[in-house]
Amino acid sequence: YFTKRTDSSVRIYIGKKEVFLKEGVYEYTLIYRVKGQIGHFKDHDELYWNVNGTKWEFPINKVRAIVKLPAVPPDSIIYTAYTGRYREGKDYTAYIDDSGRVVFESVREFAPGENLTIVVGWPKGYVKEGGFLKMIKESFPAKFLIISILYYLILWIILGRDIPKGTIVPRFRPPKNLSPAAVRFIMNMGYDTGCLVANILSLAVKGMVKIKNPSEGLYFIDRKDVKVRLRSDERIVLNKIGKKGLIISEDNFNEDLAHMDSALENNLMKRFGKYFRINTIYTYIPPLIYLVIWVWFFIRGLRWNVILHLDILILILLLIGTVGLIALLILGYTGGENIGEGTLGPLGTIPYLNYALAMMYYTVEQALYKLTRKTKLRYFSRNFVNITILILGVMLLTGLLIVFSALKPSWHYFISLFGFIAVLITAWIWDYYMRSPTKEGRKLMDEIEGFKMFLKTAEKEKMRHIYNEDLAVIYERFLPYAYALDIVDVWVKKFEGSLKDYKPVWYNGRGSFGIPSIYGLSAALGAFVIDIPEISLSEGFGGLGGSSGFSGGFSGGGGGG
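Residues numbered from 1 in each chain as written. Predicted model: local features only at pLDDT ≥ 70, side-chain atom pairs only at ≥ 80, totals over all residues. Heavy atoms only, no water.

Caption draft 1: Expanded view of the pattern of salt bridges. Overall, the coordinates contain 16 salt bridges when judged by the stated rule. With a closest N to O distance of 3.1 Å, Asp 486 and Arg 184 form a salt bridge. Note that Asp 486 is positioned in the loop between helix 17 (471-484) and helix 18 (488-495) and Arg 184 in helix 3 (residues 180-188), a separation of 302 residues in sequence. With relative accessibility at 5%, the residue Arg 184 sits in the buried group. Here Lys 206 makes a salt bridge to Glu 234, at a shortest N to O gap of 3.1 Å. On the criterion of sequence distance, the pair formed by Lys 206 in the loop between helix 4 (194-205) and strand 10 (209-215) and Glu 234 in helix 5 (residues 232-241) is long-range, its members being 28 residues apart. When its relative accessible area of 0% is taken as the criterion, Glu 234 is described as buried. One continuous salt-bridge network, built from bridges that share partners, spans Lys 62, Arg 64 and Glu 105. (Salt bridge = Lys/Arg side-chain N within 4 Å of Asp/Glu carboxyl O. Helix = DSSP H or I, 4+ residues; strand = E, 2+ residues; numbered from the N terminus. Buried < 20%, exposed > 50% of the residue type's maximum accessible area, 1.4 Å probe, protein only.)

Caption draft 2: Local environment of helix 3. Within helix 3, 8 of the 9 residues are buried, which leaves it mostly tucked inside the rest of the structure. Of all the residues in helix 3, the buried ones are Pro 180, Ala 181, Ala 182, Val 183, Arg 184, Phe 185, Ile 186 and Met 187. In the stretch just after helix 3, Met 189 is the one whose phi turns positive, near 50 degrees.

Caption draft 3: Here's a closer look at the sheet that holds strand 8 (residues 102-106). Spatial strand order, 5-8-7: 3 strands in an open sheet with antiparallel pairing. Both outer strands of the open sheet, strand 5 (64-67) and strand 7 (92-96), are each paired with one neighbouring strand and no more. For this sheet the average axis-to-axis angle between neighbouring strands, irrespective of direction, equals 10 degrees. (Pairing = 2+ DSSP bridges. Axes fitted to C-alpha atoms, helices over the stretch in contact; angles between N-to-C directions.)

Caption draft 4: Summary view of the environment of Asn 213. The topology assignment puts Asn 213 in strand 10. Considered as a pair, Asn 213 and Gly 509 are 296 residues apart in the sequence and their alpha carbons are 4.4 Å apart.

Caption draft 5: Broad picture of the packing of helix 16 (residues 460-467) against helix 17. Running from N to C, helix 16 and helix 17 cross one another at 90 degrees; their axes reach a closest spacing of 10 Å. Classified by the interaxial angle, the pair formed by helix 16 and helix 17 is roughly perpendicular. Residues Lys 460, Met 463, Arg 464 and Tyr 467 of helix 16 pack against Leu 471, Ile 474, Arg 477 and Phe 478 of helix 17. The class makeup of the residues in the contact of helix 16 with helix 17 is 5 nonpolar, no polar and 3 charged. (Parallel < 35°, antiparallel > 145°, perpendicular 65-115°, else oblique. Contact = heavy atoms within 4.5 Å. Nonpolar A, V, L, I, M, F, W, Y, C, P; charged D, E, K, R; others polar.)

Caption draft 6: Region of the structure containing the sheet that holds strand 12 (residues 246-249). Strand order in this open sheet of 4 strands is 12-11-10-15, and the pairing throughout is mixed. On the outer flanks of this sheet lie strand 12 and strand 15 (507-509), each paired with one strand and no other. Averaged over all pairs of adjacent strands, the angle between their axes in this sheet comes to 15 degrees, without regard to strand direction. Where strand 11 (residues 218-223) meets strand 12, 4 bridges bridge the pair, whose relative direction is antiparallel. Each bridged residue has a counterpart across the sheet, and for Ile 221 the counterpart in strand 12 is Leu 246. Each of strand 10 and strand 11 touches helix 4; the most contacted strand, strand 10, lies at about 110 degrees to it. On the sheet, helix 5 packs against strand 10, strand 11 and strand 12 and is oriented at approximately 100 degrees with respect to strand 11.

Caption draft 7: Representation of the packing of aromatic side chains within the structure. The full count for this structure, using the stated rule, is 17 aromatic pairs. Ring centres of Phe 2 and Tyr 13 lie 4.6 Å apart, and the angle between their planes is 5 degrees; this geometry places the pair in the stacked category. Remark: Tyr 13 occurs in strand 2 (residues 9-13) and Phe 2 occurs in strand 1 (residues 2-6); sequence separation between them is 11 residues. Residue classification places Phe 2 among the partly exposed residues on the basis of a relative accessible area of 45%. Residue classification places Tyr 13 among the partly exposed residues on the basis of a relative accessible area of 29%. Taken together, a centroid distance of 6.4 Å and an interplanar angle of 25 degrees make the contact between Phe 272 and Tyr 275 stacked. (Phe/Tyr/Trp six-rings, centres within 6.5 Å; stacked < 30°, edge-to-face > 60°.)

Caption draft 8: Here's a closer look at the side chain of Thr 83. Among the secondary structure elements, Thr 83 is positioned in strand 6 (residues 78-84). If we ignore the near neighbours within four places in the chain, the residues touching Thr 83 are Glu 88, Gly 89, Lys 90, Asp 91, Tyr 92, Phe 110, Asn 115 and Leu 116.

Caption draft 9: Highlighting the nonpolar core. Within the largest apolar cluster, 63 residues are counted, with the highest numbers of intra-cluster contacts made by Ile 211, Leu 268, Leu 455 and Trp 491. Tallying contributions element by element places helix 17 first for this core, with 9 residues. The next biggest cluster of nonpolar side chains, apart from the first, holds 18 residues, and it includes Trp 49, Ile 60, Tyr 92 and Val 120. (Core = buried A, V, L, I, M, F, W, Y, C linked by side-chain atoms within 4.5 Å.)

Caption draft 10: Region of interest: the packing of helix 3 against helix 4. Contact geometry for helix 3 and helix 4: axes closest at 7 Å, N-to-C directions at 155 degrees. The angle between helix 3 and helix 4 places the two elements in the roughly antiparallel class. The two elements helix 3 and helix 4 meet at a crossing, and its hand is right-handed. Mapping the contact onto sequence places Pro 180, Ala 181, Arg 184 and Phe 185 in helix 3 and Gly 194, Cys 195, Ala 198, Asn 199 and Ser 202 in helix 4. (Left-handed = near helix turned anticlockwise from the far one by under 90°.)

Caption draft 11: Quick peek at the environment of Phe 495. For Phe 495, the position within the fold is in helix 18. With a relative accessible area of 0%, Phe 495 lands in the buried category. Once the C-alpha coordinates of Phe 495 and Leu 471 are considered, the two residues, 24 residues apart in sequence, prove to be 8.0 Å apart.

Caption draft 12: Spatial organisation of unusual backbone geometry. At Asn 177, a position not held by glycine, the phi torsion is positive, near 55 degrees. Structurally, Asn 177 is set in the loop between helix 2 (140-160) and helix 3. Its identity is not glycine, yet Met 189 carries a phi of approximately 50 degrees, on the positive side. Relative to the elements of secondary structure, Met 189 occurs in the loop between helix 3 and helix 4.

That is the geometry; function is a separate question.
Dropping the structure here:
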């Protein structure tokens, strides 16, 4: 004999294919051991077993099953069974014989695909539960997850551990004349929209732009005709604002803002990415290996004759949904910019795919916006990305559901899929901790820490003495840095008793003393997500399991067949 896996089952081939048996009665005895088939519930243990299964393609005259338990008193044993293709019937007899065994027998001939499912329960204490360690030992997803965590621990020891901090010395100015956005980018070892907020504030206090806040959640950024020396990342933001200015609203996604955000991130990464290691390529190796293994076993178990007979329209649904979502993924890396220039992270190694998919989609999006911006259809064009993702996602999900219903895959595949999600989430969490500064980066971060210490602890009069300037000037100059370093609340409170009549010329809007709500500006930056502390400056300086098989035919799962 030999065995062959199909889906999550094992098919046993007995004899030789070139030998034909003569007509007669033949008896075969198969002895095998199966793990993990006992269900442990709160008040009882249980065996839920598919005796013959639903994959036989010929009628079965009679099905009989005998369950021999440990020394369980017969009067404490409970049992039931189900028959039919969907376990909806009761065409069986069952009893406990003189030896204490539970006997099940079918009372009619089974058609192809019909099955006898038996359920036997007994009091707890007769079968030892394996516990957590047994579950780990018998579960591939659990074992893979533990191996992945060990891999991440070793990887963190080798690559992810931060170089110890040096001596932090207070600094009166940011090191290397860094912009607020650069300071935040380096300290966080990555980009977030707070970098953009910090640079907008920097341009404002320098007189390059004016922030107007006529109502809650709505901001106008107007460009001023002032010549001031700017850093390259500040100039990118200023150029993207343009002569017409910029509108920022919590209620609407701003495409120009998305392009600005993307361009600033690219600039900061090119200039300051050398100061830390992301190590992302190593972080996502376990999910990739898991996915390859899962797909391999899934393909091995597929019924290709079913797939080849699927309607061509279903295959088109899958193709359009998959390719379309890939195009949107590429577009998401660029915000419509730098397409085809190899700046798309892991997708940057496929420049032709970048151009063919993302550029075509971006062109259509822009054309629709220009055609509809003066009509009632402008809402559709402004939300073209979201609407398209929804349509393509529905197409892909519909195609997958149809294919899965035709293939009837085992539930083990879905459990394994949840295992993949767990491994992927673990990789995403470790991706944050795998970032580590280089030696040069650690030194620069120590200098920034010193600057942060000074802003946080230095007294106002000492600052006035050091800079020999008015407190309002000092407050404005370092306000963007205070926001970038997440100490803006400390910075504002430091000056609250000295600048009661202060009204910045670069801000016009709500607030009893004209102080802009910095965090309100953060929240209004399009569809971006920012961790916003509970502080507002808009008011100025004023203050996996299962259920028992006895509950129904489909509830308990079960093996066998």
